[in-house]
2 protein chains.
Amino acid sequence: MPAAYDGWVTIELINTGSELLLGRILNTHQQWLCRRLSDLGFTVDRQVAVPDTGPAIEAAVREGLSRADLVITTGGLGPTCDDLTRERIAALLNRPLHPDSTVADNIARYFAGRGLAVPARTQVETLVPEGATVLDNRHGTAPGLAIEVTPNPFRAGGTCSRLVMLPGPPRELRPMFDRQLVPLLTQWFPDANGFQCRTLKTTGIGESAMEERISGPLKGLTDAGMDLGFCARVGEVDVRFAARGEHAAQQIAKAEAITRDRVGASVFGVEDETLESVIVGEFERRGLSLALAESCTGGHIANRITNIPGASKVLLAGYVTYSNAAKIHDLGVLPATLEVHGAVSEETVREMVVGAQRATGADYAIAVTGIAGPSGGSAEKPVGLVFIAVAGPAGVMVRRQVNRFDRETFKYLTAQQALMLLWTMVRGVPGSPS
Amino acid sequence: MPAAYDGWVTIELINTGSELLLGRILNTHQQWLCRRLSDLGFTVDRQVAVPDTGPAIEAAVREGLSRADLVITTGGLGPTCDDLTRERIAALLNRPLHPDSTVADNIARYFAGRGLAVPARTQVETLVPEGATVLDNRHGTAPGLAIEVTPNPFRAGGTCSRLVMLPGPPRELRPMFDRQLVPLLTQWFPDANGFQCRTLKTTGIGESAMEERISGPLKGLTDAGMDLGFCARVGEVDVRFAARGEHAAQQIAKAEAITRDRVGASVFGVEDETLESVIVGEFERRGLSLALAESCTGGHIANRITNIPGASKVLLAGYVTYSNAAKIHDLGVLPATLEVHGAVSEETVREMVVGAQRATGADYAIAVTGIAGPSGGSAEKPVGLVFIAVAGPAGVMVRRQVNRFDRETFKYLTAQQALMLLWTMVRGVPGSPS
């Protein structure tokens, strides 16, 4: 048995699947596994995707074993002809494959429970490389496999690497990771990295402006080894602190306090929170209600709000008033207003927001009207022009923006601005967001 | 200048970004770029993600250059401290960085157009490695960069590799790839791989049932070397044909004809078409109008319809009637109907769809009411229960479904079923979709 691990854990993730390299599917394993590992205090040093061919899989695994303490593969354990991971790794490590009767029993039980005969092709799934630990698959047929590669023929000094093969389907991989791999990780790496991470979600300040405002005040902490990272999204910037070692939690708490002190009005949440999730949460806590009147965002805001459990207690109604007739009929916008000022105007958005509030009796209402494009603009009212209004107990606030982007980005960014305006009014943060 | 490329093009994609390895974001670049390249006749041999550290970026680029004809990096070109790609690659290739006045002008114009001063930090984005080609960024500040690495110090015989650096934000990367990199690829690799791919989009038949129905009839083609692939998505199955060589186009056309003959009623589109895009296209061509009344999907259908350019000519109005009051006020549902049958019932969905048609005068209307969950279900009406109605010139059709999924999947799948029901009625395909 190799000695317990007593240092830094380097990890590589290898995703097999030709469909990944053909761009036919999104690699959700990467995010899911990396996130889970980082929540456990580990970080992944490299992720590689290769097609379902023997040489590509073998090369990636050999390279991973030459560098990393832990190599995790996904996919290629199933029964079809393009499932080569098990066989190729067994050959690479010179470990004969033996049929395992426990695995065969599990597979038999899986099919019996569905009233089906065991397909002959699943026999290959019962094969286990010599010395490997079996990770039961409770949601499918192919088990996961864990191997302690020691001595490791691909690594300087023969240093031990652990190699774990997980099945491709997410509904099989995820519970297997949580229930079977996590205990193994704790056993293999009892003294793990102690990595900690914290993300602040911000809106209203661009990426470079954000860095200009906080990197100076945080310099003491970054000089002491804390990582500071930025990730720009549409209408948002994530600020990420990461640290290791015994002072990690303390460093991160200090960094968060400094950042909130400098740009607190722009911080709307942490980790996976979204503007819509913090808004629905706040409205629910305070028993407030909301109505929406969307022209150019076309239901995008309603869709995001209703993605959040609890939205049914908050959202009274949404109006997607794409046509002038709907603005008049549903929101009571005056025909004269549309004629004189046009559908995309401050006057119209004010009547829309007041109309939505009146029709529903909601405490707060959002209205947006604009030109999403790609056509429909003019010199005076260009594509991207949008008026956003929020009505609340304290009155109506209106913003004019020019969001010159493709259609979906336009809708997303306009929604961000509208939700931020609502959030600002509901929280009573002084001043309007920049 | 290196000679024109005359063989197989090997490609490696390197995604930089610590947030990828920390599992904070999904790597959408991988799918998008791999997909675009395969549509152009190229295939990606390997994809690697590394954190934003100099050594990790350098190691991945060096390895890529040792193997591939084309190496594409994403990310790390911005103005913040963790943007190291440009600098590290310039150092690796021993190419000094020089300020480029055209890039500086573009950046100045970008900020001037937004009424902002140029942040000092963006100066680093004007630096261009000696001999690199600049790829203009029309949607941001950092330009892309393309370098012909010849002689290539990392590859046997010094064979030329092309290295392209693209910016991280998708709305900058995507148009840059399409408008600026595609012409370069055509110039570099005029005789490209000749890979062809075709995807049929289907709905209403599961993945294994689809395979059972078409794999036999397609056996002659797959035996002859054509690849047949399936990709199951929520409420959809993609059927993918891929082939190489001089008969590729002919094989794929034959496969498509055979498949349409067997399961044609389920094929709603090809490649990147969606149910909403084919519906908006058909409505626009035929001058038809649409109204939506959404309860449990909460604006999801309206959002998808309004993502399609041309939707403003088609969609008259959408109602997100989350509350009973809104169903009564906006759609004219009778209070007695809600009281006797409940909000989630065939009777209510019929009154909703007729009410939406009456309020707007639309040719067609969709209504949905159901229980998205996670709470709100009962023994008689479980979480996931949904009623879908479509009204058209020929009358009203109603479907009852039980979609037991998480909230967002529930909304997506319910919308798929509603859009497929609409599509079936509009196209007059006989029988109801399975």
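Residues numbered from 1 in each chain as written. Chains lettered and ligands numbered in written order. Predicted model: local features only at pLDDT ≥ 70, side-chain atom pairs only at ≥ 80, totals over all residues. Heavy atoms only, no water.

Trainee: Talk me through the confidence of the model for chain A; I want residue IDs and the actual numbers.
Mentor: Residue and element names in this part refer to chain A. Put simply, chain A has an average pLDDT of 90, and 96% of its residues get 70 or more. Of the regions scoring below 50 in pLDDT, residues 1-6 engages in 12 contacts with residues more than four places distant in sequence or in other chains. For the stretch residues 430-434, pLDDT sits under 50, and the model shows eight contacts to residues farther than four places along the chain or on other chains. (pLDDT = per-residue confidence, 0-100. Contact = heavy atoms within 4.5 Å.)

Trainee: Residue-level account of the domain arrangement of chain A, with values.
Mentor: Many analyses report the size of an interface as the accessible area lost when the parts associate. As assigned here, chain A comprises domain 1 (11-188), domain 2 (196-270) and domain 3 (275-427). When each unit is reduced to the centre of its C-alpha atoms, the spacing between domain 1 of chain A and domain 2 of chain A is 36 Å. (Domains from an automatic or database assignment.)

Trainee: Got a sec to walk through unusual backbone geometry? Specific residues and values, please.
Mentor: Leave glycine aside and you will find that most residues have negative phi; peptide bonds, for their part, are mostly trans. Residues and elements named next belong to chain A. Here the amide bond leading from T150 into P151 is cis, since omega sits at -5 degrees, within 30 degrees of zero. Within the fold, P151 resides in the loop between β7 (144-149) and β8 (161-166). Positive phi, close to 60 degrees, is recorded for N94, a residue that is not glycine. With respect to the helices, strands and loops of the structure, N94 is situated in the loop between α4 (85-92) and β4 (97-99). Of note, the phi angle at E271 is positive, near 50 degrees, even though the residue is not glycine. Along the chain, E271 falls in the loop between β12 (267-270) and α10 (275-286). (Helix = DSSP H or I, 4+ residues; strand = E, 2+ residues; numbered from the N terminus.)

Trainee: Residue-level account of the relation of the copies chain B and chain A, with values.
Mentor: After a rotation of 179 degrees and a shift along the axis of 2.5 Å, chain B superposes on chain A with an RMSD of 3.0 Å. Of all interface residues in chain B, 86% are interface residues in chain A too; the two copies therefore contact each other through one and the same surface. (Least-squares fit on C-alpha atoms with pLDDT ≥ 70 in both.)

Trainee: Any chance you could break down the packing of aromatic side chains for me, citing the residues and the numbers?
Mentor: In total, this model carries 11 aromatic pairs over all chains according to the counting rule given. For the pair F42 of chain A and F189 of chain A, a centre-to-centre distance of 6.1 Å together with 70 degrees between the ring planes defines the contact as edge-to-face. On the criterion of sequence distance, the pair formed by F42 of chain A in the loop between α2 (28-39) and β2 (46-50) and F189 of chain A in the loop between α6 (170-188) and β9 (196-202) is long-range, its members being 147 residues apart. Each ring, one from W188 of chain B and one from F189 of chain B, has its centre 6.2 Å from the other, and the planes form 75 degrees; the classification is edge-to-face. (Phe/Tyr/Trp six-rings, centres within 6.5 Å; stacked < 30°, edge-to-face > 60°.)

Trainee: Kindly report on the pairing of strand β16 (residues 385-392) of chain A, identifying the contributing residues and their values.
Mentor: Residue and element names in this part refer to chain A. For β16, the buried fraction is high: eight of the eight residues fall into the buried class. Neither face of β16 is exposed, since L385, F387, A389 and A391 on one face and V386, I388, V390 and G392 on the opposite face are all buried. Counting the residues that bridge the hairpin from β16 to strand β17 (residues 395-402) gives two residues. (Buried < 20%, exposed > 50% of the residue type's maximum accessible area, 1.4 Å probe, protein only. Pairing = 2+ DSSP bridges.)

Trainee: I'd like a rundown of the side chain of N15 of chain B, residues and numbers included.
Mentor: Residue and element names in this part refer to chain B. Relative to the assigned elements, N15 resides in strand β1 (residues 11-16). Only 3.0 Å separates the side chain of N15 from the side chain of Q47, close enough to count as a polar contact. In this structure the side chain of N15 is engaged in a polar contact, spanning 2.9 Å, whose partner is the side chain of T74. Discounting residues that sit within four places of it in the chain, N15 has contacts with L20, N27, H29, Q30, Q47, V48, A49, V50 and T74. (Polar contact = N/O pair within 3.5 Å; in protein donor to acceptor, adjacent residues only side chain to side chain.)

Trainee: Summarise the environment of T202 of chain B; cite the residues concerned and give the values.
Mentor: Residues and elements named next belong to chain B. The topology assignment puts T202 in strand β9 (residues 195-202). In the structure, T202 is positioned 68 residues away from V270 in sequence and 8.6 Å away in space, judged by C-alpha atoms. Residues within four places of T202 in sequence aside, it is in contact with M210, G235, E236, V237, V239, S266, V267 and F268.

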